Amino acid sequence: MTDRFYLTTAIFYPSPGPALHSLFEAIGADVLVRYQRLTGREVRFLTGMDEHSANLERQAQERGVEPRALVDEWAGNWQAGFDRFAISYDRFIRTTDPDHARASTEMVRRAQAAGDIYKGTYAGWYCAGDNEFKTDSQLVDGRCPDHPTLELQWLEEENYFFALSKYQSALEELYRSNPSFCEPEPFRNEVLGWLSDGLQDFSISRAGGTWGIPFPDDTAHRIYVWFDALTNYVTGAGFPDDPEAFAHWWPADVHVIGKNITRFHCLYWPAMLMSAGLPLPRQVFAHGFMLMRGEKMSKTRGNVLDPAVAQGLFGVDGVRYLVLREIPFDRDGDVTAEGLVRRYNAELANDLGNLVNRTVSMAGRYLYRHLPDLGGL
């Protein structure tokens, strides 16, 4: 064990503000880093927002504002929400940050130098809800299972691709030598299934837009999703601007992510780092989802819990306690407002409340009378 600890969350998809299920990941990660600080380790905690989405650009156009103006407002709301719920991050990174643009560009250039990027034509279904092209096997009744209310877009365009298939053997060896690279086991088994099916190269650029980081040597393209979003983890450690900080903080000890993005963190990301000649993170830990009546919470489904309402009912510490007590962090858990109220009353108001009351009463009864006379103070 080193005397420093670097933890990241996934960076969050842009929206007007966090719902309670988004805070679930941040609160869980915050508990982990608070524990590490208590042990005396030097901690760096990174979270933030993934801002270069085509969906955000479209919404900005519909409102008649620049994408940057809209995302500045939204990022401010997210950061204020994290502050309200005592998320003790060291940096709230944004993919519009200048140092992040330099890091993403450098990651692409390193992959180019390794011979891992080529130009080709992509055709497929694109989900604007998670900035991802979907294969037929990922669709349920012709829709994205995570965003069933959104219409998929059929896109055909010339893109740059990353040669993920080149790293098939290297990733197989990674999991043979270090199976705990992805935890917990059920989610690792899913990753191993994708790996055994054979890896496919993936698109790393989009053409025709102006919102995003320009692709090196081809400004008609913007760096697309994974060489932008995933790179934030090395940006937050100082890459490439501060080699001394980067040597201190990287590799990350753990990426805390949702179970729906293990493919990208446990296959794409290590291959990208191998291509760039950088060390791999020590572990990726995938958490389950907050469910409502068996369904994943999402704003597109309209089944989210408002953190401001929860705070009004239970307070900040009460919300932090309840979301981690009600839902196991390593698997899915169903949650309802009624269930949170029951647990609050049973465990915090009754059990813990009675314990505190009895402790204070006993201290007053048995300790106070033995204190020296303080002259009436």
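If you're wondering where the values come from, they're calculated on a predicted model, not measured in any experiment. (Residues numbered from 1 in each chain as written. Predicted model: local features only at pLDDT ≥ 70, side-chain atom pairs only at ≥ 80, totals over all residues. Heavy atoms only, no water.)

Focus on the layout of surface pockets
Take a probe with the size of a water molecule and roll it over the atoms, and the empty space left behind shows itself. Approximately 210 Å³ is the volume attributed to the second largest pocket. In this structure, the second largest pocket is lined by 17 residues; those nearest its centre are His52, Ala54, Glu57, Arg206 and Trp211. Contributing elements (two or more residues each) for the lining of the second largest pocket: helix H2 (54–63), strand S9 (205–207) and strand S11 (218–223). Here the lining of the second largest pocket is composed, by residue class, of 7 nonpolar, 7 polar and 3 charged. (1 Å grid on protein atoms, 1.4 Å probe; cavity = no way out; pocket = protein on both sides within 12 Å on 5 of 7 lines; lining within 4 Å. Points joined across faces, edges and corners; volume = space filled by probe spheres on them. Helix = DSSP H or I, 4+ residues; strand = E, 2+ residues; numbered from the N terminus. Nonpolar A, V, L, I, M, F, W, Y, C, P; charged D, E, K, R; others polar.)

Quick notes on the environment of Tyr233
Along the polypeptide, Tyr233 turns up in helix H8 (residues 232–235). Considered as a pair, Tyr233 and Leu192 are 41 residues apart in the sequence and their alpha carbons are 23 Å apart.

Regarding the state of the cysteines
In total, this model carries 0 disulfides according to the counting rule given. For Cys144, which is in no disulfide, the shortest distance to another cysteine sulfur is to Cys127 and amounts to 3.8 Å. Overall, Cys144 belongs to the buried group, its relative accessible area being 0%. Here Cys266 is not cross-linked by a disulfide; its sulfur's nearest cysteine counterpart is in Cys182, at 3.5 Å. With relative accessibility at 0%, the residue Cys266 sits in the buried group. (Disulfide = S-S within 2.5 Å. Buried < 20%, exposed > 50% of the residue type's maximum accessible area, 1.4 Å probe, protein only.)

Digging into the side chain of Glu326
Within the element layout of this structure, Glu326 appears in helix H11 (residues 307–326). Only 2.4 Å separates the side chain of Glu326 from the side chain of Arg343, close enough to count as a polar contact. Other than its neighbours up to four places away in sequence, Glu326 contacts Asp334, Val335, Gly339, Leu340 and Arg343. (Polar contact = N/O pair within 3.5 Å; in protein donor to acceptor, adjacent residues only side chain to side chain. Contact = heavy atoms within 4.5 Å.)

Here we look at the packing of H2 against helix H3 (residues 67–84)
Following both chains from N to C, one finds H2 and H3 inclined at 105°, their axes separated by 8 Å at the closest point. In terms of orientation, H2 lies roughly perpendicular with respect to H3. Note on element contacts: H3 touches H2 through Pro67, Leu70, Val71 and Trp74, opposite Leu56, Glu57, Gln59, Ala60 and Arg63. Residues belonging to the contact of H2 with H3 are distributed by class as follows: 6 nonpolar, 1 polar and 2 charged. (Axes fitted to C-alpha atoms, helices over the stretch in contact; angles between N-to-C directions. Parallel < 35°, antiparallel > 145°, perpendicular 65-115°, else oblique.)

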